[in-house]
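# Coordinate inspection notes
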Amino acid sequence: MKKIFVVSLVALLASCQEEGILTQDREVIVVTPMSELKYYGTFTPTSGINVNGEAKIYLENGQHKVQLENFTISNGPDLKVYLSKAATPTDFVNLGNLTSQTVYAIPTNVIVDDYSHVLIHCQQYNHLFAIAALTQN
């Protein structure tokens, strides 16, 4: 019985991923009134998930930022905010952990025009929670 417990505990710990630079919580980022709205989209849920709100991409002083507005979502483990080239998490940039923070900086080396969606994705279980298809403003 002890052996089964130890094996189960090791398997559980091994399934957790170490946070890298892109998935660690970051400093608080804001969008100011001087920001220019470039893209926007309304979140739609995947099966069994409840979501409300919008994703908006702003440009301010050469820095793009994703802002989640009026955003609520079902609870889930290891949720990440992705900027994606498709409605699936196959070609994306991980913007960080989904937290109470509502603004996420997009790395300056990312060509924002190449991306068409903001996704909320459970990285640990590879489950897509919500999709916002982006429209140019």
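All of the points below concern the structure found in this document. Everything quoted here is computed from the prediction, not taken from an experiment.

### Some words on the pattern of salt bridges
Scanning the entire structure with this criterion turns up six salt bridges. With its nearest N and O atoms 2.9 Å apart, the salt bridge here joins Glu-69 to Lys-56. Of this pair, Glu-69 sits in strand E3 (residues 63-73) while Lys-56 sits in strand E2 (residues 51-60), and the two are 13 residues apart along the sequence. Residue Glu-69 is classed as buried on the basis of its relative accessible area of 17%. Through salt bridges with shared partners, a single network forms among Glu-54, Lys-56 and Glu-69.

### Points about the side chain of Thr-46
Position of Thr-46 among the secondary structure elements: in the loop between strand E1 (36-45) and E2. Judged by its relative accessible area of 19%, Thr-46 is buried. With near-sequence residues (within four places) excluded, Thr-46 lies in contact with His-127, Leu-128, Phe-129, Ala-130 and Ile-131.

### Details of the packing of aromatic side chains
If you walk through the whole model with that rule in mind, you get two aromatic pairs. Aromatic side chains Tyr-82 and Phe-92 sit 3.9 Å apart centroid to centroid with 10° between the ring planes, which places their arrangement in the stacked category. Here Tyr-82, found in strand E4 (residues 79-84), pairs with Phe-92, found in strand E5 (residues 92-97); they are 10 residues apart in sequence, far enough to count as distant. Its relative accessible area of 2% is what places Tyr-82 among the buried residues. Above the ring of Tyr-115, the side-chain terminus of Lys-85 is found at 5.3 Å from the ring centroid.

### Observations concerning the pairing of E4
Buried residues dominate E4, accounting for six of its six residues. A two-sided burial pattern is seen for E4, the buried positions comprising Leu-79, Val-81 and Leu-83 on one face and Lys-80, Tyr-82 and Ser-84 on the other. For E4 and strand E7 (residues 117-122), the ladder comprises six bridges, and the chain directions are antiparallel. By the bridge assignment for E7, Ser-84 is matched with His-117. Bridge count between E4 and E5: five bridges; the pairing is antiparallel. Bridge pairing links Val-81 to Gly-96 in E5.

What counts and what doesn't
One numbering rule holds for all chains: residues counted from 1, following each sequence as written. With pLDDT at 70 or above as the cut-off, local features in this predicted model cover only qualifying residues; side-chain atom pairs require 80 or more to be listed or tallied, and sums for whole chains, interfaces and linings still use all residues. The basis for the side-chain values is all heavy atoms of the structure; hydrogens and waters are excluded. Criterion for a salt bridge: a side-chain nitrogen of Lys or Arg within 4 Å of a carboxyl oxygen of Asp or Glu. Strands are runs of DSSP state E lasting at least two residues, helices are runs of H or I lasting at least four, and both sets are numbered from the N terminus onward. Whether a residue is buried, partly exposed or exposed follows from its accessible area with a 1.4 Å probe, protein chains only, as a fraction of its type maximum: under 20%, in between, or over 50%, in that order. Only heavy atoms matter for contacts: two residues are in contact if any of them lie within 4.5 Å across the pair. Whether two aromatic rings pair depends on their centres lying within 6.5 Å, for rings of Phe, Tyr and Trp, where Trp uses its six-membered ring; planes under 30 degrees apart make the pair stacked, over 60 edge-to-face, and the rest tilted. Think of it as a cone above the ring: NZ of Lys or CZ of Arg counts as a charge over the ring if it is within 6 Å of the ring centre and within 35 degrees of the ring normal. In this description, strands pair whenever DSSP reports at least two bridges between them.

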